[in-house]
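# Understanding the architecture of this molecule
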Amino acid sequence: RPSRCPACGQPILYDVDDPGKIKAHCQHCRTPMWTAVRRKNGNGNGSGPGYARYPLARFIRDRYRDRYLLIIDEAHGFKSGDSARSYAAQDLLTSSHCALQMTGTLYNGMASSIYYLLWRALPEFRAAWGWGDVQRFINQYGLFEKITRTYRDKHSTSASGYETFTERKSERPGIHPAMIALLLPSTVFFGIRDLDVILPPYAEHTLFVPRPQELQAVERYLDEVRSDAVARMMDGDYRLMAQYTWANLGAWDVASVGDEVDGHSLPPIVCPGDLWIKEEALMRLVAREKRAGRKVLCFVGQINRRDPTGRLCSLLERYGMRGAVMRADEKQRVQFIRRALAQGADVVFTSAPLVMVGIDLLETPTLVWFTAEYNIYVVQQANHRSLRIGQTEDVHVYYLAYDRTPQAYAMHRVAKKLAAAQTLQGDVRQGLAALLGEEDFVSRLQDATIANEHYESEMTIDDLPPLISFAPESLSRACRGMDVQVKVQTNGHARVRAMMQVEDLRQFQQLSLFG
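Bear in mind that the values here come from a model prediction, so they are computed numbers and not experimental data.

## Side note on the packing of helix 9 (residues 277-291) against helix 10 (residues 309-318)
Helix 10 packs onto helix 9 with a crossing angle of 50° between their chain directions and a minimal axis gap of 11 Å. When the interaxial angle is binned, helix 9 and helix 10 end up oblique. Both helix 9 and helix 10 take part in a crossing whose hand is right-handed. On the side of helix 9, the interface is formed by E279, L282, M283 and V286, while helix 10 contributes R311, L312, L315 and L316. Across the contact of helix 9 with helix 10, the residue classes break down as six nonpolar, no polar and two charged.

## Comments concerning the pairing of strand 2 (residues 98-101)
Bridge count for strand 1 (residues 69-72) against strand 2 is four bridges, and the pairing is parallel. Directly across from L70, in strand 2, lies its bridge partner A99. Handedness of the crossover joining strand 1 and strand 2 through helix 2 (residues 84-95) is recorded here as right-handed.

## Concerning the side chain of R120
Residue placement: R120 occurs in helix 3 (residues 112-121). No salt bridge is formed by the buried R120, whose closest oppositely charged neighbour, D82, lies at an N-O distance of 7.5 Å. A polar contact of 2.8 Å, which involves the side chain of R120, links it to the backbone oxygen of S80. Every residue in contact with R120, bar those within four places of it in the chain, is listed here: F78, S80, G81, S86, Q90, L93, T94, R126 and W131.

## Topic: the nonpolar core
One broad rule of soluble globular proteins: the nonpolar side chains tend to lie buried together. Core analysis: the biggest nonpolar cluster contains 61 residues, and Y107, F137, M179, I337, V355 and W369 have the highest contact counts within it. In terms of residues, this core owes the most to one element, helix 13 (residues 406-425), which gives eight residues. For I337, the residues in contact, after removing those within four places along its chain, are L297, M326, V348, V355 and L361. Grouped together as the second largest cluster of nonpolar side chains are 47 residues, L222, L240, C298 and Y398 included.

Conventions we followed
- Residues numbered from 1 in each chain as written.
- Predicted model: local features only at pLDDT ≥ 70, side-chain atom pairs only at ≥ 80, totals over all residues.
- Heavy atoms only, no water.
- Axes fitted to C-alpha atoms, helices over the stretch in contact; angles between N-to-C directions.
- Helix = DSSP H or I, 4+ residues; strand = E, 2+ residues; numbered from the N terminus.
- Parallel < 35°, antiparallel > 145°, perpendicular 65-115°, else oblique.
- Left-handed = near helix turned anticlockwise from the far one by under 90°.
- Contact = heavy atoms within 4.5 Å.
- Nonpolar A, V, L, I, M, F, W, Y, C, P; charged D, E, K, R; others polar.
- Pairing = 2+ DSSP bridges.
- Right-handed = clockwise from strand over helix to strand, strands pointing away.
- Buried < 20%, exposed > 50% of the residue type's maximum accessible area, 1.4 Å probe, protein only.
- Lys, Arg positive; Asp, Glu negative; His and termini not counted.
- Salt bridge = Lys/Arg side-chain N within 4 Å of Asp/Glu carboxyl O.
- Polar contact = N/O pair within 3.5 Å; in protein donor to acceptor, adjacent residues only side chain to side chain.
- Core = buried A, V, L, I, M, F, W, Y, C linked by side-chain atoms within 4.5 Å.

Take a look at the structure:
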């Protein structure tokens, strides 16, 4: 059966002198018959492996220019200036008749995050700004930090000396009020509540616990890694600095098992009690939610590198609760969470990027951030997995961290980004962004662009009921029937020493807070 021309439908006869069919045309309508051509290798011939690739976005741009409506969901994923998916989005945007970009996280607090989204989508923006004018855009609509260092030549004999200057600029989270005016002509901000959908209340809470003295060893360990990383950076090796950045956030939560980074090691640290204070805060929180009949989804960073979930699950079992862990290799994620909850799990541990997009988690109205996350795209997307249409319970999000540690500093930096993002969307500060304080609209615009060093959290561990208060009534009645002898020896009025002796605990082999 001969091949037929896709234009006129007539049979095609190929030239026997052209075996590659590179110059083939329809003999009837002269339409070119395009064929795949093998890539040329370094020698210039066509014997290299594979076939030539023609991007689909470029094909749509060339073939259907000004003939289609383009809708891009999760548009923040195309914010990069130099990536394959961003170039594909640019081809589709510039050749579409009309384009609509949708995202729940337009702004991540940095002015550069929105630059290329505007550049690709708005012709008038492209006319005013060049492709490489990102720094100029930051100067006008964002915030940057400029560090100037002055060096004086110690061998100079001049009275004033000879000075040299070096400058380094780095972008900081913030927003200029002019950005709102820039976005208003082409942007519509609305949430689920604006769609006349009744949703339950949503609230975020911060809980920074005091850092135990025993964790000073973690600080010394991280200082050693940082010093070595800086020394290597002088020689152009940045690999250890990248590892240090991750260890700076995660090493605090694995102190009981130790940590290691490129020759630097942290030996296991003995916990002064049954559990660390941050772990106790999580246990109290999960126990309280269990009493209220609510399930918990806990976000843990570096779950495959510095994994505290094994110890946390053991602590949960010790206090009569159950935990489950969902890792990156899980394909059916919603089904996994629902199955774990149906099998009796009170909390599911996972990484936030695994559930940040395309998942509705109505079964877990309580979300807990056990580790810090720098990317506010991840934070904002993951926080709203439970606040979806159909949710009937109040949604609460909790942020846990050791106070005065890089964990708290990271959350404070994210709070600045969230403050800028919420200001752009016209929302008042709440949750993590409330770390910066609550003032009027003008003040929010101003202090979203300046440094703020307040780290006080909204909650303390004393705001959560102690673990012993969750003991069931059966255990309480049994304890009241035990024979307890108390011996008190006094020495004046200044000191009292008390000893308690419990006669019979044989029937309580394992302490459980729940029947």
